[in-house]
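# Inside the fold
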Amino acid sequence: MTAALRVGPRSAVTLAAASCVGLLMFAWPLVLRPAAGTDRVDPPFVFLVLMPVVIGVVVVELTEGGMDSKALAMLGVLTAINGALRTLGAGTSGVELVFFVLVLAGRVFGPGFGFALGCTSLFASALLTGAVGPWLPFQMMCAAWIGMAAGLLPRRVTGRWEIAMLVVYGVAVAYLFGALMNLWSWPFLLGVEGADADGGTLAFVPGAPLLENLRSFALYTVATSTATWDTGRAVTNAVAIVVLGPAILATLRRAARRARFAPA
């Protein structure tokens, strides 16, 4: 594998720490304990400030002394392509073309490049589609994880088995993206309720046991996005990777060889 953006030991530690902090920010409804009787729970506003800071620190750490002009040009080209692709669907019925390119690029250029591309792609596409809001840093972190994990998939898998692996991965991350985005905004959008004797509520219950709130969240996610938006995203990823994946992988690998990126 050729790595357009090398991940050294210090960068790996930074990535791991940032991922842990980011995951905590997503899972805040399950971690924080608001007072019982609260009518509404807003996400801690400090998270809206910290998330872009965490992303910025990781990107700076990854690119410091490790991204040459060729890698920067490749990042810019793929960011522009992803931004343009997202405008074609803009999430309508879950049709989002931005993720399959991110998966393929992360696979070819490595986890560091995948993380950076996830951040820049979602940021650029948000500007193009007008989808800028408090959710954007969380979308950027999710996309960064998707690109990074794609670069960590087993390297020995090739040919049709590689495409099959990427299809399974693309479907899995489609549902995970939806679940994570639901998790951070769940109490904010749905409000909170008191404890329900039969456990039938979809809302966040302050002070309720963790498993009870997880059950409510699972029901909420299935009811609001799993069968619609997330499934549309999963189908889009699978079809795009099967139809376009082999050609795009070959093109990206040819570009990587010509650019002579360092081996990972």
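Quick summary incoming for the structure in this document.

Each value, and the rule that gives it
Residues numbered from 1 in each chain as written. Predicted model: local features only at pLDDT ≥ 70, side-chain atom pairs only at ≥ 80, totals over all residues. Heavy atoms only, no water. Patch = residues over 30% accessible without salt bridge, like charges linked within 9 Å, V, L, I, M, F, W, Y side chains within 5 Å. Areas by Shrake-Rupley, 256 points an atom, 1.4 Å probe, with all protein chains shown as cover. Salt bridge = Lys/Arg side-chain N within 4 Å of Asp/Glu carboxyl O. Helix = DSSP H or I, 4+ residues; strand = E, 2+ residues; numbered from the N terminus. Buried < 20%, exposed > 50% of the residue type's maximum accessible area, 1.4 Å probe, protein only. Polar contact = N/O pair within 3.5 Å; in protein donor to acceptor, adjacent residues only side chain to side chain. Expected span 1.5 Å × (residues − 1). Axes fitted to C-alpha atoms, helices over the stretch in contact; angles between N-to-C directions. Parallel < 35°, antiparallel > 145°, perpendicular 65-115°, else oblique. Left-handed = near helix turned anticlockwise from the far one by under 90°. Contact = heavy atoms within 4.5 Å. Nonpolar A, V, L, I, M, F, W, Y, C, P; charged D, E, K, R; others polar. Phe/Tyr/Trp six-rings, centres within 6.5 Å; stacked < 30°, edge-to-face > 60°. Core = buried A, V, L, I, M, F, W, Y, C linked by side-chain atoms within 4.5 Å.

### Comments concerning a nonpolar patch on the surface
- Taken together, the side chains of V235, V239, V242, V243 and L244 define a hydrophobic patch exposed on the protein surface, amounting to about 430 Å² of accessible area.
- Mapped onto the elements of the fold, V243 is located in helix α9 (residues 210-259).

### Topic: the side chain of N82
- With respect to the helices and strands, N82 occurs in helix α4 (residues 69-89).
- Judged by its relative accessible area of 0%, N82 falls in the buried class.
- At 3.0 Å, the side chain of N82 forms a polar contact with the side chain of S121.

### Side note on helix α5 (residues 98-109)
- In a regular helix each residue adds 1.5 Å, so 12 residues correspond to 16 Å; α5 covers 17 Å between its end C-alpha atoms and thus fits that length.
- Taken across its 12 residues, α5 has 12 buried, putting it largely inside the fold.
- Among all positions of α5, only V98, F99, F100, V101, L102, V103, L104, A105, G106, R107, V108 and F109 are buried.
- One or two positions beyond α5, positive phi appears at G110, with a value near 100 degrees.

### A short note on the packing of helix α1 (residues 9-26) against helix α7 (residues 136-150)
- Put simply, α1 and α7 touch, their axes get as near as 11 Å, and they point 135 degrees apart. Here α7 runs oblique to α1, going by the angle between their axes. Crossing hand, α1 versus α7: left-handed. Contact residues: α1 offers L15, A18, S19, G22, L23, M25 and F26, while α7 offers F138, M141, C142, W145 and M148.
- In the contact of α1 with α7, the residues fall into 10 nonpolar, two polar and no charged.

### A short note on the packing of aromatic side chains
- Tallied over the entire structure, the rule returns four aromatic pairs.
- With a centroid separation of 5.3 Å and an interplanar angle of 80 degrees, the aromatic rings of F26 and F138 are classed as edge-to-face. Pair noted here: F26 is in helix α1 and F138 is in helix α7, with a separation of 112 residues, a long-range link. The exposure classification of F26 matches that of F138, with both residues buried.
- Measuring from ring centre to ring centre gives 5.0 Å for F109 and F113, while their planes differ by 55 degrees; the resulting arrangement is tilted. Assigned by exposure class, F109 and F113 land together as buried.
- One aromatic cluster in this structure is built from F26, F138 and W145.

### So, the nonpolar core
- By size, the foremost hydrophobic cluster in this structure holds 53 residues, and its most contacted members are F26, L78, F109, F113, F115 and I146.
- Elements supplying a minimum of two residues to this core: α1, α4, α5, α6 (111-129), α7, α8 (159-190) and α9.

### Regarding the pattern of salt bridges
- In this structure the tally under the stated criterion is three salt bridges.
- D230 is paired through a salt bridge with R233; the nearest N and O atoms lie 2.9 Å apart. With D230 and R233 both in helix α9, this residue pair falls three residues apart, about one helical turn. Here D230 and R233 have matching classes, each one buried.
- Through salt bridges with shared partners, a single network forms among R107, E162 and R253.

### Thoughts on the environment of R233
- On the accessibility criterion, R233 (7% relative accessible area) is buried.
- On a C-alpha basis, the gap between R233 and L97 in space is 8.2 Å, while along the polypeptide they are 136 residues apart.
- Side-chain polar atoms of R233 contact the side chain of D230, separated by 2.9 Å.

### Topic: the packing of α5 against α6
- In contact at an axis separation of 7 Å, α5 and α6 are set at 155 degrees when each is read in the N-to-C sense. It follows from the interaxial angle that α5 and α6 lie roughly antiparallel. In this structure, the crossing between α5 and α6 has a hand that is right-handed. On the side of α5, the interface is formed by V98, L102, A105, G106 and F109, while α6 contributes P111, F113, G114, L117, G118, S121 and L122.
- Class assignment of the residues belonging to the contact of α5 with α6 gives a composition of eight nonpolar, four polar and no charged.

### What to know about the environment of F113
- Along the chain, F113 falls in helix α6.
- C-alpha separation for the pair F113 and G147, spaced 34 residues apart in sequence, amounts to 7.7 Å.

Geometric values such as these leave the question of function open.
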